[in-house]
Amino acid sequence: MDFGLVELSAEDRALQSEIRAFLAEIFTPDVFQHEHETGSGFNPKVYEALGARGWLYPELPVEQGGAGFTPVQKRIMELELIRQDARVMMMQGTSSLPMAAVRKYMDPAVADPILKECAAGRAVMCLGYSEPDGGSDIANAKVRAVQDGDMWTINGSKMWTTGAHISTYTFLITRTDPEAPKHKGITMILVPLKSEGVTIQAIRTFSGERTNIVYYEDVQVHDSMRVGGVNNGWTVLHGPLDEEHSIGLDMNGGLTDVSVGTGMCRVLGASMNEVASWAHKATGSKGQLLADDIRVRESLGAAMVDYEAGISTPGPMGRVKASDVLVKNAAALQDLVGTVGLLPMNTEGSIGNGDIEYAHRFAQGTATYGGTVEVFRTIIAQHVLGLPKAQLPGAKVFLAGKKK
Ligand SMILES: Cc1cc2nc3c(=O)[nH]c(=O)nc-3n(C[C@H](O)[C@H](O)[C@H](O)COP(=O)(O)OP(=O)(O)OC[C@H]3O[C@@H](n4cnc5c(N)ncnc54)[C@H](O)[C@@H]3O)c2cc1C
């Protein structure tokens, strides 16, 4: 294993400067304000500007709408986007999960134009997995799809379909054989969300993120939008699920975040920086600078140690560690700074323009979406520690395709 730093070539350094300058141009203050107001993790102006250069999915070949970036160049792009605001790019990450399955399983004549629209930033895909009855055990999906000739009729509802309101398609788990064992009776369908019979209802979460309930009432979808074989949906889901949960993936030659939770923890990192700056200016009741106060120094030092563990723990442990670290330390930072930590964005006196207040709200949802930390703990018990298989409803879902 080579732990050496990546040396950027002159060409890559020039590209890095070009990307940084371009992102500074398109990430204008109204982009952040728009995200704050909508919580959609999406901005059409930013996506289309990136898409026009092939930079939304830059690792794709030029003929597929990408820029043919090398792994190093792709990593440069990711890191430069993070320097701006990763929140706006959430739907880029979400879309990338089903895009690979669409490319692999659908007829290229149907898939290619769809994927090109995604690469251009004009189309987005969301994940229609969870249902009102449960999100951990997605193989238990009940949304029904019935085939009649070339058409499917879809009925039912999906819960927590984040991005449905701005997406062109949803990557939908449907129940196509209710008699078969649950993993053998599901089929993936890419449903155009403009279809008649689709109703999208907003849910605004505590963290400010917008998600949705989506109702499907006699929605008609052509069979060409089926992704993979009929009743073979579980096989199709392996790739997107494993990628979402960072299970069994190669690490792209080290050019990727070590932990699936690194992105979550960045919110904490930003908050710690802001609290450190605040401590340089704020004074205690006796006029002493808080940066000199041993309790402030110890608390920030302890948060920093946790943060490092949160961004560097691999596999399913990283998912749990990042969320635990974030929940615990976002609260600790609020305790440390006192009431100013409750002031939100665009409020006079807030720390880092509301960073602390946001981190605390954001932290709570991280224990749930993408699979709950409880489910991940059972995965660790079984697959890392070799404990017997848990007899719980969601036990199989995050291990799609993984045989012990
Ligand atoms: C903000 C947000 C965005 C989301 N975005 C999406 C999205 O875009 N698409 C999508 O499909 N879903 C999305 N989800 C849904 C998310 O994946 C589910 O909420 C999650 O998987 C848990 O499902 P559930 O809420 O239905 O809880 P349930 O599955 O009903 O679980 C209830 C409780 O039982 C526990 N539990 C269940 N099974 C096990 C087990 N095997 N071992 C131990 N404990 C277990 C859970 O931890 C939980 O505490 C989102 C959720 C949120 C909050």
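If you're wondering where the values come from, they're calculated on a predicted model, not measured in any experiment. (Residues numbered from 1 in each chain as written. Predicted model: local features only at pLDDT ≥ 70, side-chain atom pairs only at ≥ 80, totals over all residues. Heavy atoms only, no water.)

## What about the site of the ligand?
Close to the ligand lie 20 residues; Gly135, Ser136, Trp160, Thr162 and Thr372 are nearest. Note that a nitrogen atom of the ligand is positioned 2.9 Å from one of the backbone N or O atoms of Leu127. The side chain of Thr162 places a nitrogen or oxygen atom 2.7 Å from a nitrogen atom of the ligand. When isolated, the ligand has an accessible area of 970 Å², and the protein chains bury 75% of it. Broken down by element, the shell around the ligand gets its largest block of residues, three residues, from helix α12 (residues 373-384). In terms of residue class, the shell around the ligand is made up of seven nonpolar, 11 polar and two charged. (Near = heavy atom within 4 Å. Polar contact = N/O pair within 3.5 Å; in protein donor to acceptor, adjacent residues only side chain to side chain. Areas by Shrake-Rupley, 256 points an atom, 1.4 Å probe, with all protein chains shown as cover. Helix = DSSP H or I, 4+ residues; strand = E, 2+ residues; numbered from the N terminus. Nonpolar A, V, L, I, M, F, W, Y, C, P; charged D, E, K, R; others polar.)

## Re a nonpolar patch on the surface
Together, Met317, Val384, Leu385 and Leu387 make up a nonpolar patch on the protein surface, roughly 360 Å² of accessible area in all. Assignment of secondary structure puts Val384 in helix α12. Take Val384: its relative accessible area is 46%, and that puts it in the partly exposed class. (Patch = residues over 30% accessible without salt bridge, like charges linked within 9 Å, V, L, I, M, F, W, Y side chains within 5 Å. Salt bridge = Lys/Arg side-chain N within 4 Å of Asp/Glu carboxyl O. Buried < 20%, exposed > 50% of the residue type's maximum accessible area, 1.4 Å probe, protein only.)

## What to know about the UniProt feature "domain: Acyl-CoA oxidase/dehydrogenase middle" (unreviewed entry) in the protein
Feature annotation in UniProt places "domain: Acyl-CoA oxidase/dehydrogenase middle" (unreviewed entry) on residues 126-212, given in this structure's numbering. From the first C-alpha to the last, residues 126-212 spans 11 Å; its make-up is 0% helix and 46% strand. (UniProt positions renumbered as here; feature names shortened; annotations may be inferred.)

## Overview of the environment of Ile138
Tracing the sequence through the fold places Ile138 in the loop between β1 (125-128) and β2 (144-148). Its relative accessible area of 5% is what places Ile138 among the buried residues. When the C-alpha positions of Ile138 and Trp234 are compared, they lie 9.9 Å apart, and in sequence the two are 96 residues distant.

## Quick look at the nonpolar core
Within the largest apolar cluster, 68 residues are counted, with the highest numbers of intra-cluster contacts made by Leu50, Ile154, Phe171 and Leu190. Both of domain 1 (10-119) and domain 2 (125-234) provide at least three residues apiece to this core. Once you skip the residues sitting within four places of it in the chain, Ile154 turns out to touch Val143, Arg144, Ala145, Leu172, Ile189, Val191, Tyr216, Glu217, Asp218, Val219 and Val221. In terms of nonpolar packing, the next biggest core, distinct from the first, is built from 28 residues, Met272, Ala330, Ala359 and Phe362 among them. (Core = buried A, V, L, I, M, F, W, Y, C linked by side-chain atoms within 4.5 Å. Domains from an automatic or database assignment. Contact = heavy atoms within 4.5 Å.)

## Quick look at α12
Listed as buried for α12 are Val373, Val375, Phe376, Ile379, Ile380 and Gln382. Of the residues flanking the end of α12, it is Gly386, one or two places downstream, whose phi is positive at about 75°.

## Considerations on the domain arrangement of the protein
By a widely used convention, the size of an interface equals the accessible area lost when the partners come together. You can read the domains of the protein as domain 1 (10-119), domain 2 (125-234) and domain 3 (257-370). The C-alpha centroid of domain 2 is placed 25 Å from the C-alpha centroid of domain 1. Each partner contributes to the interface: domain 1 provides 21 residues, whereas domain 2 provides 20 residues. Each partner contributes to the roughly 1500 Å² buried at the junction of domain 1 and domain 2, and carbon and sulfur atoms together form 74% of this total. Three residues, Pro98, Met106 and Ile114, lead the burial of domain 1 against domain 2; their summed loss comes to 27% of the area buried on that side. Along the contact surface separating domain 1 from domain 2 lie zero salt bridges. Scanning the region where domain 1 abuts domain 2 turns up five residue pairs in polar contact (both at pLDDT 80 or more). Secondary-structure elements contributing two or more residues to the side of domain 1 that touches domain 2 are α2 (29-38), α5 (90-105) and α6 (108-119). (Buried area = accessible area lost by both parts, 1.4 Å probe.)

## Focus on the UniProt feature "domain: Acyl-CoA dehydrogenase/oxidase N-terminal" (unreviewed entry) in the protein
When the UniProt feature table is mapped onto this chain, "domain: Acyl-CoA dehydrogenase/oxidase N-terminal" (unreviewed entry) is found at residues 10-121. Across residues 10-121 one finds 70% helix and 0% strand; the C-alpha atoms that close the span lie 29 Å apart.

## A short note on the packing of helix α9 (residues 294-312) against helix α10 (residues 315-337)
At their nearest, the axes of α9 and α10 sit 9 Å apart, and the two run at 165° to each other. Comparing their axes, α10 and α9 come out roughly antiparallel. Of the two elements, α9 crosses α10, and the hand of that crossing is left-handed. Contacts between α9 and α10 involve Arg295, Val296, Ser299, Leu300, Ala303, Asp306, Tyr307, Ala309 and Gly310 on the former and, on the latter, Lys321, Ala322, Val325, Lys328, Asn329, Leu333 and Leu336. In terms of residue class, the contact of α9 with α10 is built from nine nonpolar, three polar and four charged. (Axes fitted to C-alpha atoms, helices over the stretch in contact; angles between N-to-C directions. Parallel < 35°, antiparallel > 145°, perpendicular 65-115°, else oblique. Left-handed = near helix turned anticlockwise from the far one by under 90°.)

## As for the confidence of the model for the protein
Summary statistics for the protein give a mean pLDDT of 91 and a share of 93% for residues scoring 70 or more. Considering only residues more than four positions removed or in separate chains, one finds that residues 398-404, a stretch of pLDDT under 50, has 22 contacts. (pLDDT = per-residue confidence, 0-100.)

## Brief notes about the pattern of salt bridges
Pairing between side chains becomes possible if they bear opposite charge and their charged atoms approach one another. According to the stated counting rule, one finds 17 salt bridges in the structure shown. Note that Arg361 and Glu357 form a salt bridge whose closest N and O atoms lie 2.7 Å from each other. Taken as a pair, Arg361 and Glu357 lie in helix α11 (residues 355-365) at a separation of four residues, close to a single helical turn. Taking relative accessible area as the criterion, Arg361 reaches 18% and is therefore assigned buried. Since its relative accessible area comes to 13%, Glu357 is described here as buried.

## Overview of the side chain of Glu80
Summarising the element assignment, Glu80 is placed in helix α4 (residues 71-84). Leave out the neighbours within four places in its chain, and Glu80 touches Gln16, Ile19, Arg20 and Leu23.

## Here's the deal with the pairing of strand β3 (residues 151-158)
Pairing geometry for β2 and β3, over five bridges, is antiparallel. Considered in β3, the bridge of Ala145 is made with Ile154. Here β3 runs beside strand β7 (residues 210-222); their pairing, made up of seven bridges, is antiparallel. Residue pairing for β7: Thr153 is matched across the bridge by Gln220. (Pairing = 2+ DSSP bridges.)

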